[in-house]
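If you want the building blocks of each chain, they are given just below.
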Amino acid sequence: MKRNSFIAYAVALLIGMGVFGVDGFKSSVSASEMTPVEENYAKWLIRVRALGILPDTDTDVSINGAAAPTAGLDIDDRYVPELDITYFLTKNIALELVLAISKHDVEGSGSLTGVDVGDFYIIPPHLMLQYHFDIGNGIKPYIGAGVNYSLIFSEGNAAGFNGLKIDNGFGFSLQAGVDIQVRDNWYLNVDVKKTWLNVDAKTNLGATPIRADIDVDPWIVGIGLGYRF
């Protein structure tokens, strides 16, 4: 599935779940099964999600010290498992910590199209401040804003390249999602984040230095299951 289709599907699913609910999941759940979390104001929500990390890359590249406006670098999409932990400060206000690790390839674009540059690993923890709504029937949409500090390590070089180094980066994120209570303390979740992240990268093609200012700016789309207690 292409990234635009994946994002559109997740957003449509998020809106549909938030507005219309998921009657198919909830039809067998009695009213008594839907109330324990609300009565006790449970503070913790742990989720496991399948995560799509979909960079929306834009770069400024220089080759051998001269600007190369026709050259670019792209970072590929990846799909990984993710763990997130939410702590409710009040009934509606919560903090969410998102934890995942992924490996991405760096590829050329523009005049560098078809060139494999290398790869890297990234741990992009997000800390989000959220507001959770309760529109009834176990449907709980939320919005959030927060920060991300991406730790980049284990850069590897493709054939012909050497010295690939990508700096860590600090970013800002916005978020929208919905939790749907499906039974007791179990929730189905759809979550979409947009992160604005800029990093500097350098590598060498043989003895020729290549430098890049990269706006990674990924969409981060997750679908998963959570347990609140």
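Just so you know, these numbers come straight off a predicted model, no measurement behind them.

How each quantity is defined
- Residues numbered from 1 in each chain as written.
- Predicted model: local features only at pLDDT ≥ 70, side-chain atom pairs only at ≥ 80, totals over all residues.
- Heavy atoms only, no water.
- Salt bridge = Lys/Arg side-chain N within 4 Å of Asp/Glu carboxyl O.
- Helix = DSSP H or I, 4+ residues; strand = E, 2+ residues; numbered from the N terminus.
- Buried < 20%, exposed > 50% of the residue type's maximum accessible area, 1.4 Å probe, protein only.
- 1 Å grid on protein atoms, 1.4 Å probe; cavity = no way out; pocket = protein on both sides within 12 Å on 5 of 7 lines; lining within 4 Å.
- Points joined across faces, edges and corners; volume = space filled by probe spheres on them.
- Nonpolar A, V, L, I, M, F, W, Y, C, P; charged D, E, K, R; others polar.
- pLDDT = per-residue confidence, 0-100.
- Contact = heavy atoms within 4.5 Å.
- Phe/Tyr/Trp six-rings, centres within 6.5 Å; stacked < 30°, edge-to-face > 60°.
- Lys NZ or Arg CZ within 6 Å of the ring centre and 35° of its normal.

Going through the model one piece at a time under the given rule, you end up with 15 salt bridges. Residues D191 and R49 are paired through a salt bridge, measuring 3.7 Å at the closest nitrogen-oxygen approach. Placement of D191 in strand β13 (residues 186-205) and of R49 in strand β1 (residues 44-54) is noted, with a sequence separation of 142 residues between them. For the pair D191 and R49, one class covers both residues: buried.

A word on unusual backbone geometry. Despite not being glycine, S154 has its phi angle at roughly 50°, a positive value. By secondary structure assignment, the location of S154 is in strand β10 (residues 139-157). A relative accessible area of 45% means that S154 is categorised as partly exposed. Look at D217: it is not a glycine, yet its phi comes out positive at around 45°. Within the secondary structure layout, D217 lies in the loop between β14 (208-215) and β15 (219-228).

Counted according to the given criterion, the structure contains three cavities of 30 Å³ or more. Considering only enclosed or pocket space, the largest cavity measures out at about 210 Å³ in volume. What lines the largest cavity is a set of 23 residues, among which I53, I122, P124, S150 and P218 lie closest to the centre. Among the elements of the structure, β1, β7 (102-110), β8 (116-123), β10 and β13 are those that each provide at least two residues to the lining of the largest cavity. At four residues, the largest contribution of residues to the lining of the largest cavity is made by β13. Here the lining of the largest cavity is composed, by residue class, of 16 nonpolar, six polar and one charged.

Our next topic: the confidence of the model for the protein. In this model, the protein carries an average pLDDT of 89, and 83% of its residues clear a pLDDT of 70 or more. Here residues 21-37 scores under 50 on pLDDT; set against residues more than four positions off or in separate chains, the count is 28 contacts.

Considering all chains together, one arrives at six aromatic pairs under this definition. Pairing Y131 with F133 gives two aromatic rings, centres 5.0 Å apart and planes at 65°, and the pair type is edge-to-face. A relative accessible area of 37% means that F133 is categorised as partly exposed. Three or more aromatic residues joined by ring pairs form one cluster here, namely W186, Y227 and F229. Sitting over the face of the ring of F88, R228 holds its NZ or CZ atom 3.9 Å from the ring centroid.

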